[in-house]
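# Reading the structure
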Amino acid sequence: MLNSLYIKNYRILKELRLDSLDQVNLITGKNNTGKSSFLEAIAIYASKANFNFIGDLLKSHGESFRIEDELAEQAEKINIDALSSLFSDRALGFSQDDEISIGEVKDDSTPLSIRFIKYVKKIEQDPSGEIITRRFPLPLENETNDYAEEYKIGLHIAYGANKQLIPLERNIYRSRIFTRIADTLNVEFIRTGYTDDKNNNATLFDNIALTDKEKYIIEGLKIIEPTTEKITFIGKNSKDRIPVIKLSNHSNVLPLKSMGDGINRILTIILALVNCENGFLLIDEFENGLHYTVQKQLWKIIFHLAGRLNVQVFVTTHSEDCISSFQEVLNDPSEKVKGKLIRLDNVNGVIKQTEFSPKELKIANEQDIEVR
Amino acid sequence: MKIQEKFPKKLLVEGNDDQHVIWALCQKYDVIESFDVVDCNGIDDLIEQIPIRFKSSETKTVGIIVDADDALQQRWEKIRNILTGIHFEVPADLPADGLIVSHEIQKAGVWIMPNNRVDGMLEDFISFLVPKDDPLTPIVESTLSEIESKELNKYSERHRSKANIHTWLAWQEDPGTPLGLSITKSYLNADEETCVKLINWLNRLYG
């Protein structure tokens, strides 16, 4: 769990400092205030800059980074172009000030940092005669010096004691080296309009099928369809499976897709939630496909499961209904899980936050004060 | 009265009468309509709203008009502490012309009824506006004194000024005219000094 958050140089978030975070954090703000970037930064941090994830992210931003064989010579340029899009102002800088840093506010914490680095490649022979390639980063203070050797550009990723130099002269997203830093991912990220991982739900279901967590799925689906009995994924082959549902008043199973956006949205959210125990759940635009009457019930389940499975939740929204239903659940005296609303504002290009406590949200709700 | 808010600038007032008096004064003095006058349904809700209003993304200016009641200094200290807590630098004493302070792009204003100097409420402010030589004024006063001496008054001492002004209004052309409308109908003298100060405060705050 992140108790605080410091983000530097990640896309529109040049510098954002949140001194405290709660278990369930709702983020609001107008367009272009960095809400999605906020979630992405947490995902990068939680995944320890996993390159499968970063590749997905670049793709969802429409960055071109696929390196075909005929473009191999331009690989470095293509990689730099795509990766620099993650940095504020798409800057290609090599100093510490230019690095992306994501972590807690505390001084003694170990943030995740990403920056470009210049290095010199040397091919050497070790005593046993084996040829090895070694890469020497150029020291920052010497970067203006003339180097006889030609330098190359790499990406330097550091997380605590783990440090890694990723050469950019080849297709980096296919490479296996990046699994070294990454532990098991314990982050689930539900993005808007991003349907590339349509088989993701089937995989997530397999992870929890027949466990206690399966009953949370049923509980969630009952918000919209109270006669839900069972759910599973079926298909002709393992790559193309769809969710089907058994209702108590039907003898046949029905495809879930036939039952509307809302129930499918709830399935996606709860599947993600039960799959990131002790980790992070990130949801972009909570209200998508959800009528306001079901939002409060869904919040209840999210609060309950977040507490039970120790998941820290970050959700963005534009919707007044979403904030209002969040507020109701948050201020329920029986609710032990804590939460807050964070609004991001773009003040002349600088993103600033305003935080609302449960009590402030209650007052604002009762007295009709706009908090978005 | 609950209104549909449409301006980023707000004036928070305790109740319906305050709201209508401000509207009537603004009309009388051609104060540009650039702020919402929000009826907060009482002093407690108004106080609670202050910090939240300043957190609203659109709101740049928040003015506050409250009654001193019988504790001007306490009320001022309470509001002063809230504003200081938000980030405003607020002087120790409430200026006689009303407070206006700024911080970056935000502005806060405070006016404590009746005149930032004495205990009282909206009705005391209104009683300042009763024409000075009005022949009914001494009769209203003696009438109230008489029923009080016979202990027939059902109002508390605290609400004496309310009883006074509403009695005076009951004896005008249209008995039962509410406070705001009595300004519009010119029963009251809006050129009075305190009233001009209040208008100046509004113009400085929202102009």
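As the structure is a prediction and not an experimental result, all values here were calculated from the model.

To continue, consider the overall build of chain B. Along its length, chain B carries 8 helices and 5 strands. Reading chain B from its N terminus to its C terminus gives the helix and strand order β-α-β-α-β-α-β-β-α-α-α-α-α. For a compact globule of 207 residues, the expected C-alpha radius of gyration is about 17 Å, and chain B comes in at 18 Å, within 12% of that figure. Judged by the C-alpha coordinates and their principal axes, chain B covers about 55 × 35 × 30 Å. Within chain B, the fraction of its 207 residues that count as buried is 50%. Restricting to contacts in chain B with at least 6 residues of sequence separation, those with at least 24 account for 66%. In chain B, the 22 positive side-chain charges and the 35 negative ones have mean positions that sit 5 Å from each other.

With that settled, the discussion passes to helix 8 (residues 320–330) of chain A. Residue and element names in this part refer to chain A. Buried within helix 8 we find Cys322, Ile323, Ser325, Phe326, Gln327, Val329 and Leu330. Where helix 8 is buried, its residues meet strand 3 (24–29), helix 7 (292–309), strand 14 (312–317), strand 15 (339–347) and helix 9 (358–366). One side-chain oxygen of the residue at the start of helix 8 lies 3.1 Å from the amide nitrogen of Asp321, identifying that residue as Ser319.

Residue and element names in this part refer to chain B. Here Arg75 is to be found in helix 3 (residues 72–86). A distance of 3.1 Å separates a polar side-chain atom of Arg75 from the backbone oxygen of Asp67. If we ignore the near neighbours within four places in the chain, the residues touching Arg75 are Ile43, Val66, Asp67, Ala68, Asp69 and Ile112.

Next up on the list: the confidence of the model for chain A. For chain A, per-residue confidence averages 88 on the pLDDT scale, and 91% of positions sit at 70 or higher. Between residues 176–182 of chain A, whose pLDDT stays under 50, and residues either more than four places distant or in other chains, the model counts 15 contacts.

Attention shifts here to the domain arrangement of chain A. Residue and element names in this part refer to chain A. Split into domains, chain A comes out as domain 1 (5–47 + 185–366) and domain 2 (53–174). Placing a centre on the C-alpha atoms of domain 1 and another on those of domain 2 gives a separation of 33 Å. Both sides together, the interface formed by domain 1 and domain 2 hides about 2,100 Å², and carbon and sulfur atoms give 56% of it. Counting the surface domain 1 buries against domain 2, the share from its top three residues, Arg11, Ile44 and Tyr45, is 31%.

Here the focus is the interface of chain A and chain B. Opposite the 15 residues of chain A that make contact, chain B presents 10 residues. Surface buried jointly by chain A and chain B totals about 1,200 Å² across both partners, of which 48% is contributed by carbon and sulfur atoms. Inspection of the chain A/chain B interface yields 3 salt bridges. Taken together, chain A and chain B are joined by 7 residue pairs in polar contact (both at pLDDT 80 or more). Taken together, the elements giving at least two residues each to the side of chain A that touches chain B come down to strand 15, strand 16 (350–356) and helix 9 of chain A. Here the side of chain A that touches chain B gets 4 residues from one element, more than from any other, and that element is helix 9 of chain A. Considered class by class, the residues forming the side of chain A that touches chain B number 4 nonpolar, 2 polar and 9 charged.

All names here are of chain A. With 57 residues, the main nonpolar core has Ile217, Ile270, Leu281, Leu298, Trp299 and Ile302 as its most contacted residues. Residue contacts for Ile302: discarding those within four places in its chain leaves Ile269, Leu273, Ile283, Phe286 and Val313. With 50 residues, the next largest nonpolar core counts Tyr10, Ile42, Ile166 and Val187 among its residues.

Here we take up the packing of aromatic side chains. Here the structure, examined in full by the defined rule, presents 12 aromatic pairs over all chains. Measuring from centroid to centroid gives 5.3 Å for Phe205(A) and Phe233(A), while their planes differ by 40°, and the two rings are tilted. Within this pair, whereas Phe205(A) is found in helix 4 (residues 200–208), its partner Phe233(A) is found in strand 10 (residues 228–234), the two being separated by 28 residues in sequence. Overall, the relative accessible area of 4% leaves Phe205(A) in the buried class. Residue class for Phe233(A) comes out buried when judged on its relative accessible area of 7%. An angle of 50° between the planes, with centres 6.1 Å apart, marks the rings of Trp111(B) and Trp201(B) as tilted. You can see Trp111(B) sitting in strand 5 (residues 106–113) and its partner Trp201(B) sitting in helix 8 (residues 193–206), a full 90 residues away along the chain. Trp201(B) carries the same exposure label as Trp111(B), and that label is buried. Here the aromatic residues Phe286(A), Trp299(A), Phe303(A) and Phe326(A) are joined through ring pairs into a cluster of three or more.

On to the environment of Arg90(A), then. All names here are of chain A. Secondary-structure assignment places Arg90 in the loop between helix 3 (75–84) and strand 4 (100–103). With a relative accessible area of 45%, Arg90 lands in the partly exposed category. Counting along the chain gives 79 residues from Arg90 to Arg11, while the straight-line C-alpha distance between them is 7.4 Å. Apart from the residues within four sequence positions on either side, Arg90 is in contact with Glu63, Asp81, Ser84 and Ser85. Looking at Arg90, its side chain comes within polar contact range of the side chain of Glu63, at 3.0 Å. At 3.2 Å, the side chain of Arg90 forms a polar contact with the backbone oxygen of Asp81.

Our next topic: unusual backbone geometry. The peptide bond linking Met113(B) to Pro114(B) adopts the cis configuration, its omega dihedral lying at 5°. Within the secondary structure, Pro114(B) sits in the loop between strand 5 and helix 4 (122–128). A positive phi is found at Arg90(A), a non-glycine position, where the angle reads about 50°. A positive phi angle, close to 60°, is found at Asn41(B), a residue other than glycine. Its place among the elements puts Asn41(B) in the loop between strand 2 (36–39) and helix 2 (43–55). Classification of Asn41(B) as exposed rests on a relative accessible area of 62%.

On to the domain arrangement of chain B, then. Residues and elements named next belong to chain B. What the domain assignment lists for chain B is domain 1 (9–120 + 190–206) and domain 2 (122–184). Taking only C-alpha atoms into account, the centre of domain 1 sits 25 Å from that of domain 2. It is Asp17, Val21 and Glu192 that lose the most area in domain 1 upon contact with domain 2, and together they represent 30% of the buried surface on that side. Joining domain 1 to domain 2, the criterion identifies 0 salt bridges. For the pair domain 1 and domain 2, the interface holds 2 residue pairs in polar contact (both at pLDDT 80 or more). Among the secondary structure elements, those contributing two or more residues to the side of domain 1 that touches domain 2 are helix 1 (16–28) and helix 8. In terms of residue count, the dominant contributor to the side of domain 1 that touches domain 2 is helix 1 (8 residues). Of the residues in the side of domain 1 that touches domain 2, the class split is 7 nonpolar, 5 polar and 7 charged.

Rules behind the numbers
- Residues numbered from 1 in each chain as written.
- Chains lettered and ligands numbered in written order.
- Predicted model: local features only at pLDDT ≥ 70, side-chain atom pairs only at ≥ 80, totals over all residues.
- Heavy atoms only, no water.
- Helix = DSSP H or I, 4+ residues; strand = E, 2+ residues; numbered from the N terminus.
- Rg over C-alpha atoms; globule rule 2.2 N^0.38 Å.
- Buried < 20%, exposed > 50% of the residue type's maximum accessible area, 1.4 Å probe, protein only.
- Contact = heavy atoms within 4.5 Å.
- Lys, Arg positive; Asp, Glu negative; His and termini not counted.
- Charge placed at Lys NZ, Arg CZ, Asp CG, Glu CD.
- Polar contact = N/O pair within 3.5 Å; in protein donor to acceptor, adjacent residues only side chain to side chain.
- pLDDT = per-residue confidence, 0-100.
- Domains from an automatic or database assignment.
- Buried area = accessible area lost by both parts, 1.4 Å probe.
- Salt bridge = Lys/Arg side-chain N within 4 Å of Asp/Glu carboxyl O.
- Nonpolar A, V, L, I, M, F, W, Y, C, P; charged D, E, K, R; others polar.
- Core = buried A, V, L, I, M, F, W, Y, C linked by side-chain atoms within 4.5 Å.
- Phe/Tyr/Trp six-rings, centres within 6.5 Å; stacked < 30°, edge-to-face > 60°.

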